[in-house]
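Tertiary structure, described
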Amino acid sequence: MPDPNRAPLQGIVKYNPHLWGDDELRSIFVARTRELAELLDRLRQTPAGSAPQHVLVVGQRGMGKTALLRRLALAVRDDLALSRQWIALTFPEEQFTVSTLAELWRNVLDALTDTLENEGAPQADLDRLDGEIRRIGALPSLEREEAASGLLRDWIDQHQRRVLLLIDSTDLLF
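Residues numbered from 1 in each chain as written. Predicted model: local features only at pLDDT ≥ 70, side-chain atom pairs only at ≥ 80, totals over all residues. Heavy atoms only, no water.

**Looking at helix H7 (residues 141–159)**
Using the following cut-off: Helical segments are the DSSP runs of H or I of at least four residues, strand segments are the runs of E of at least two, and each set is numbered from the N terminus. The span you would expect from a helix comes to 1.5 Å times its residue count less one. Only protein chains enter the calculation, and the probe is 1.4 Å; a residue is then buried if its accessible area is under 20% of its type maximum, exposed if over 50%, and partly exposed in between.
With 19 residues, H7 extends 28 Å from end C-alpha to end C-alpha; this agrees with the ideal 27 Å at 1.5 Å per step. Those residues of H7 not exposed but buried are Ala147, Ala148, Ser149, Gly150, Leu151, Leu152 and Trp155. Positive backbone phi, at 55°, marks Gln160, one or two positions downstream of H7.

**What about the packing of helix H6 (residues 123–137) against H7?**
For clarity, the threshold we go by: Whenever a helix is involved, its axis is fitted only over the stretch in contact; in every case the axis is a line through C-alpha atoms, and angles between N-to-C directions fall within 0 to 180 degrees. The scheme is simple: roughly parallel for angles under 35 degrees, roughly antiparallel for over 145, roughly perpendicular for 65 to 115, oblique for anything else. Two helices cross in a left-handed way if the nearer one is turned anticlockwise from the farther one by less than a right angle. They cross in a right-handed way if the turn is clockwise. Any two residues whose heavy atoms approach within 4.5 Å are treated as being in contact.
The contact between H6 and H7 brings their axes to 9 Å, and the two run at 165°. Classified by the angle their axes make, H6 and H7 are roughly antiparallel. Where H6 crosses over H7, the two elements pack in a sense that is right-handed. Contacts from Leu129, Glu132, Ile133, Ile136 and Gly137 in H6 reach Arg144, Ala147, Ala148 and Leu151 in H7.

**Describing the side chain of Ser27**
So the rule is basically this: Under the rule applied, a polar contact is a pair of N or O atoms within 3.5 Å (in protein, one hydrogen donor and one hydrogen acceptor; residues adjacent in sequence only if both atoms are side-chain atoms).
Relative to the elements of secondary structure, Ser27 occurs in helix H1 (residues 22–28). Taking relative accessible area as the criterion, Ser27 reaches 18% and is therefore assigned buried. Only 3.0 Å separates the side chain of Ser27 from the backbone oxygen of Glu24, close enough to count as a polar contact.

**Observations concerning unusual backbone geometry**
Despite not being glycine, Gln160 shows a phi value in the positive range, around 55°. With respect to the helices, strands and loops of the structure, Gln160 is situated in the loop between H7 and strand S2 (162–166).

**Side note on the confidence of the model for the chain**
Put simply, the rule reads: The predictor attaches a confidence to each residue, and that confidence, scored 0 to 100, is pLDDT.
Here the chain averages 85 in pLDDT, and 86% of its residues register 70 or above. When mean pLDDT is compared element by element in the chain, H6 scores highest at 96, while H1 scores lowest at 80.

Structure, rendered in structure tokens:
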């Protein structure tokens, strides 16, 4: 019987890494292993309390940028030492809803909640975070940016984990 994790991807799934399962991604990710290793080394070598170096991944459509970001997030989750220090947040390929810094921070908080839910965080913690996000959304627009970034900073301080933002297709943001 053929191994279902080795079966070829079909149709639209083949070209959309967001639809791949974790095991599927681990098994088919073979083209950008050097780049993945370099990014993981950068994370491991970033001293606590320092400002990490930003990395911009550039390439033509179909070059594997999205797959690399998804595989990086998975590698951080799989590595016990890295996952204690970092939480990798992934986003939809295009951020059409982001036109202000407040909206970006709101999307980051939403991604944080989604990731925490996938990690099995207690429902009470998720509800509390969701409530704070809703409260921020109801604030006057000029107050949202500071409130959202403040909530993110508070979460980071409380949990002693750094946030790894894996944002795809940043050309729309810029």
